[in-house]
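# Results of the structural survey
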Amino acid sequence: MATRKTTATRRTTKKTTAPAKCPTCIGTGETTTEIRVGRGRRATGHHQTGLCPDCFGSGLASA
């Protein structure tokens, strides 16, 4: 009985790592800020959404 000879070939693939998320906006690219509305500038719980000042809306951490 003949035995079958196998050759060990190893395939290597590169793992693609995801870029790090911005810690300020947690990768969304937007931050919310409470704004004061009304007479006497009382805080009424209104929020305004804007671009993240650290990543400029990309959601990726800067190096």
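Everything quoted here is computed from the prediction, not taken from an experiment.

Glancing now at the overall build of the protein chain. A count of helical and extended segments in the protein chain gives zero helices and two strands. Taking the intrachain contacts of the protein chain between residues at least 6 apart in sequence as the baseline, contacts between residues at least 24 apart amount to 41%. When the accessible surface of the protein chain is totalled, it reaches about 6,300 Å², and 52% of it is carbon and sulfur.

We now examine unusual backbone geometry. Although it is not a glycine, Ile26 adopts a positive phi angle of roughly 60°. Structurally, Ile26 is set in the segment before β1 (30-36). On the basis of relative accessibility, which here comes to 64%, the residue Ile26 falls in the exposed class. A positive phi angle, near 55°, is found at Phe56, a position not held by glycine. Examined against the element boundaries, Phe56 turns out to sit in the segment after β2 (43-51). Overall, Phe56 belongs to the exposed group, its relative accessible area being 67%.

Along the chain, His46 falls in strand β2. In sequence terms His46 and Thr32 are 14 residues apart; their C-alpha atoms lie 9.9 Å from each other. Setting aside chain neighbours within four positions, we find His46 in contact with Thr33, Glu34, Ile35 and Val37.

Criteria and thresholds
Residues numbered from 1 in each chain as written. Predicted model: local features only at pLDDT ≥ 70, side-chain atom pairs only at ≥ 80, totals over all residues. Heavy atoms only, no water. Helix = DSSP H or I, 4+ residues; strand = E, 2+ residues; numbered from the N terminus. Contact = heavy atoms within 4.5 Å. Areas by Shrake-Rupley, 256 points an atom, 1.4 Å probe, with all protein chains shown as cover. Buried < 20%, exposed > 50% of the residue type's maximum accessible area, 1.4 Å probe, protein only.

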